[in-house]
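Read off the chains here:
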Amino acid sequence: MKRWMPVVAVLAVSALILTACPAVTPQVIEVPKEVVVEKKVIETVEVVKEVPIEKIVKETVEVPVEKVVVATPVPLPTEITLVDTNSGANFQWYWQNQVVPAIQEQLGVKVNYVVSKEAELLERMKAWQPGQGDAHLLFTKPETIPNALAAGLELETLYPDKADVIPNIEKCPKSYLESVLGVPIGGKGALYWRSQYALIYNSEYIKDPPTSWKEFYERREEWKGHIGLVRPDAKSGASYRIPYSFLNAFVKMTDEEGKAIPLAELQATPEWQDAWAKLVDFYSYAKLPIPAEPPNMFEDFNAGDTWISFYALDYSLWSRHQGTMPPIIKSSFLEEGMAAGSDGYLVVPAGIPEEYKPVVYKVINFLLSDDQQIRLITTMWQYTGTDIWDKIPGVVWDTIPPWEKMEPARLVIANKEVADYIKEVGPEALVPK
């Protein structure tokens, strides 16, 4: 009995504890649908885990090595060659002493400046192997562009194709980018400058200059022996621009649409025959012998032998500042039309190495910048290739006529047949014996 006493005591205590606790009622728990979804997810994960590791590694290793391309930056050239077939002595000086150093300083691009002739340049380009051209940037006369295209030479289309990398080309007048001398060029060149001819006279001897070609001809006796002309076979563009402008005052050489009238058709008209006879007569009143080139004519101005002429405005004024023309030289208009000079175009051959093209486009954009264009007109008195007239210092217009007044009198050499005829027969027919 005594042995069972501890057991009885434990049972009594347990009974008291059970009496104090509430009864637990068994519950049936329903499994929600979400659990089933989770189970599916778990099963999906399990399937992924069942993919053999060696299979994953194998598929990764089997990626072909040649498909992995690592881009290596190609350094752009820092030296280019610019070939100039347009500039005279004044602008060759400007390129060498002003423009080329500015490109080197501001862009870090060294420019090898080379002076050449159009015929030599085109022949050189014909000999290039594709992508091997060594004349990276060309500075040419307007006619060089259609001449190059006619010879089968490819040129980069700068407008509108490259306007994103040459944004300043948008400031160039679109008509000059679309055609030159009446020939479509399709944006193959960027206009750098606009050159203009005008009446040039010594204000010491001439107080009331003529205002038209017809008046100039009628008053030829006043200035007999003092009219400055250059020979029709001179290298200068004045050789044919002077007689072309004279003829234009007496006979129209283009139709209403601006298209050239064929020379044979012109020569059959009384107007042409009268105009040509007047031109031959006009040359007989020139200072003789007629100078072979413009610098010789300038010497006659300095000597006081020549008083009046028709010549490139920029070169005449630049020469005045250089002391090779009298300081009292002035300029004015001839209302029937004054020939445009050799406008300057920047051209990029398609046959140069591709890596040079971004550098050349950068240089062109620099040359068309407001700063460079303003330096062009204030230093060389050459009208800008971009329409930024409101940014040009007013003092410039004290020396040359504003463009809005000059442009209406601008005569484009639109009849190439006539210009070629002057060069061909002029030396014999116009130069006094």
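All values reported here derive from a predicted model rather than from experimental measurement. Along each chain, numbering runs from 1 in the same order as the chain's sequence is written. The predicted origin of the model limits local features to residues at a pLDDT of at least 70 and limits the giving and counting of side-chain atom pairs to 80 or more, whereas totals for whole chains, interfaces and linings rest on all residues. Here the side-chain values reflect all heavy atoms present in the structure, with hydrogen atoms and water set aside.

Q: Describe the packing of aromatic side chains, listing the residues and the values that go with them.
A: When the centres of two rings from Phe, Tyr and Trp lie within 6.5 Å, Trp using its six-membered ring, the rings pair. Their planes under 30 degrees apart give stacked, over 60 give edge-to-face, and anything left gives tilted. In this structure the tally under the stated criterion is 32 aromatic pairs. For the ring pair Trp 213 and Phe 246, a centre distance of 5.9 Å and an interplane angle of 80° mean the geometry is edge-to-face. Here Trp 213 is found in helix H8 (residues 213-218), whereas its partner Phe 246 is found in helix H9 (residues 238-248), with 33 residues between them in sequence. The rule for a charge over a ring is simple: NZ of Lys or CZ of Arg within 6 Å of the ring centre, and within 35 degrees of the ring normal. Its guanidinium or amino end placed over the ring of Tyr 240, Lys 423 lies 4.4 Å from that ring's centre, counting from NZ or CZ. Working definition: helices are DSSP H or I runs of at least four residues, strands are E runs of at least two. Numbering for both runs from the N terminus.

Q: Describe the environment of Ala 102, listing the residues and the values that go with them.
A: With respect to the helices and strands, the residue Ala 102 is situated in helix H4 (residues 89-107). Type-normalised accessible area, obtained with a 1.4 Å probe on protein chains alone, sets the label of each residue: buried when under 20%, exposed when over 50%, and partly exposed for intermediate values. Owing to a relative accessible area of 11%, Ala 102 belongs among the buried residues under this scheme. In this structure, the C-alpha to C-alpha distance between Ala 102 and Gln 372, residues 270 residues apart in sequence, is 9.1 Å. By the convention used here, residues are in contact when the closest approach between their heavy atoms is within 4.5 Å. The residues contacting Ala 102, other than those within four sequence positions of it, are Leu 107, Phe 366 and Gln 372.

Q: Give a description of the environment of Val 230 that names residues and reports values.
A: Secondary-structure assignment places Val 230 in the loop between strand S8 (227-228) and H9. In this structure, the C-alpha to C-alpha distance between Val 230 and Ile 290, residues 60 residues apart in sequence, is 5.7 Å. In this view, Val 230 contacts Ala 238, Ser 239, Ile 242, Tyr 283, Ile 290, Pro 291, Glu 293, Pro 294 and Met 297; residues no more than four positions away in its chain are not counted.

Q: Quick one: what's the story with unusual backbone geometry, residue by residue and with numbers?
A: Along the chain, Tyr 159 connects to Pro 160 via a cis peptide bond; the corresponding omega equals 5°. Assignment of secondary structure puts Pro 160 in the loop between helix H6 (144-150) and helix H7 (174-178). Residue Pro 289 follows Leu 288 across a cis peptide bond; omega there is -5°. As for its position among the elements, Pro 289 is in the loop between helix H11 (270-283) and helix H12 (294-302). Of note in this structure, Trp 381 is not a glycine but carries a positive phi near 60°. Judged by its relative accessible area of 11%, Trp 381 falls in the buried class.

Q: Describe H4, and please don't skip the residues or the numbers.
A: Between its first and last C-alpha atoms H4 spans 26 Å; for 19 residues at 1.5 Å apiece the expected length is 27 Å, and the two agree. Working definition for bend: take the seven residues up to and ending at a residue and the seven starting at it, fit an axis to each, and measure the angle between the axes. Maximum bend of H4: about 40°, positioned at Trp 95. Those residues of H4 that fall on the buried side of the exposure criterion are Asn 90, Phe 91, Tyr 94, Trp 95, Val 99, Val 100, Ala 102 and Ile 103. Directly after H4, the chain includes Gly 108, whose backbone phi takes a positive value near 70°. To estimate the expected span of a helix, subtract one from its residue number and multiply by 1.5 Å.

Q: Any details on the sheet that holds strand S6 (residues 190-194)? Residues and values, ideally.
A: Should DSSP find at least two bridges between two strands, the strands are taken to pair. Here we have six strands laid out as an open sheet, ordered S2-S1-S3-S12-S6-S13, and mixed in their pairing. Every interior strand has two partners, whereas the edge strands, strand S2 (110-115) and strand S13 (383-384), have only one. Pairing between S6 and S13: two bridges, direction antiparallel. Within S13, the position partnered with Arg 194 by the bridge is Tyr 383.

Q: An account of the side chain of Arg 194 is requested, with residue identities and associated values reported.
A: Summarising the element assignment, Arg 194 is placed in strand S6. Polar contacts involving the side chain of Arg 194 include one to the side chain of Asp 387, which spans 2.8 Å. Beyond its immediate chain neighbours, meaning those up to four positions away, Arg 194 contacts Pro 173, Tyr 176, Asp 343, Gln 382, Tyr 383, Thr 384, Gly 385, Thr 386, Asp 387, Trp 389, Trp 403 and Arg 410. A 3.5 Å cut-off defines polar contacts: any pair of N or O atoms within that distance qualifies, except that in protein one atom must be a possible hydrogen donor and the other a possible acceptor, and neighbouring residues in sequence count only when both atoms are side-chain atoms.

Q: Could you give an account of the packing of H4 against helix H15 (residues 370-380), with specific residues and numbers?
A: For helices, the axis comes from a line fit to the C-alpha atoms of the stretch in contact; other axes are also lines fit to C-alpha atoms, and the angle between any two N-to-C directions lies between 0 and 180 degrees. Across the interface, H4 lies against H15 with an axial gap of 12 Å and an inter-helix angle of 145°. Pair H4 / H15 crosses with right-handed handedness. On the side of H4, the interface is formed by Asn 90, Phe 91, Trp 93, Tyr 94 and Ala 102, while H15 contributes Gln 372, Arg 375, Leu 376, Thr 379 and Met 380. By the convention adopted, Pro, Cys, Tyr, Trp, Phe, Met, Ile, Leu, Val and Ala count as nonpolar, Lys, Arg, Asp and Glu as charged, and the other residues, Gly among them, as polar. Tallied by class, the residues present in the contact of H4 with H15 amount to six nonpolar, three polar and one charged. Handedness of a crossing follows from how the near helix is turned relative to the far one, being left-handed for an anticlockwise turn of less than a right angle and right-handed for a clockwise one.

Q: Tell me about H12, residues and numbers included.
A: Within H12 the residues assigned to the buried category are Pro 294, Met 297, Phe 298, Asp 300 and Phe 301. Within H12, the buried residues cover an arc of 155° as seen down the axis, which keeps them to one side. If you follow the buried residues of H12, they end up packed against strand S7 (197-202), S8, strand S9 (308-312), helix H13 (313-322) and strand S10 (329-332). Gly 304 sits one or two residues past H12 and shows a positive phi near 85°. What the arc measures is the spread of directions leading from the helix axis to the C-beta atoms.

Q: Could you give an account of the side chain of Ser 195, with specific residues and numbers?
A: Positionally, Ser 195 belongs in the loop between S6 and S7. If we skip the residues at most four places from it in the chain, Ser 195 touches Asp 314, Ala 340, Gly 341, Ser 342, Asp 343, Gln 382 and Arg 410.

Q: Describe the packing of H9 against helix H17 (residues 416-429), with residues and values.
A: Axis separation between H9 and H17 bottoms out at 9 Å; the angle between their running directions is 120°. As judged from the angle between their axes, H9 and H17 are oblique. Where H9 crosses over H17, the handedness of that crossing is right-handed. Taking contact as the criterion, the partners of Ser 239, Tyr 240, Pro 243, Tyr 244 and Leu 247 in H9 are, on H17, Val 418, Ala 419, Ile 422 and Lys 423. When grouped by side-chain class, the residues that make up the contact of H9 with H17 number seven nonpolar, one polar and one charged. Here the word oblique covers every angle except those under 35 degrees (roughly parallel), over 145 (roughly antiparallel) and from 65 to 115 (roughly perpendicular).

Q: Please set out the pairing of S9 residue by residue, giving values where relevant.
A: Counting buried positions over the five residues of S9 gives five, a clear majority of the element. In this structure, S7 lies alongside S9, joined through five bridges in antiparallel fashion. Its bridge partner being in S9, Tyr 197 is matched across the sheet by Ala 312. Two strands pair when backbone bridges link them, and S8 and S9 are joined in this way by two bridges, in the parallel orientation.

Q: How would you summarise the confidence of the model for the protein chain if you had to cite specific residues and measurements?
A: The predictor's confidence in any single residue is recorded as pLDDT, a number from 0 to 100. Counting all residues, the mean pLDDT for the protein chain is 87, and 83% of those residues have values of 70 or more. Counted against residues more than four places away or in other chains, residues 1-49, with its pLDDT under 50, gives zero contacts. Ignoring residues within four places in sequence, the model shows residues 55-61, a span with pLDDT below 50, making one contact including any to other chains.

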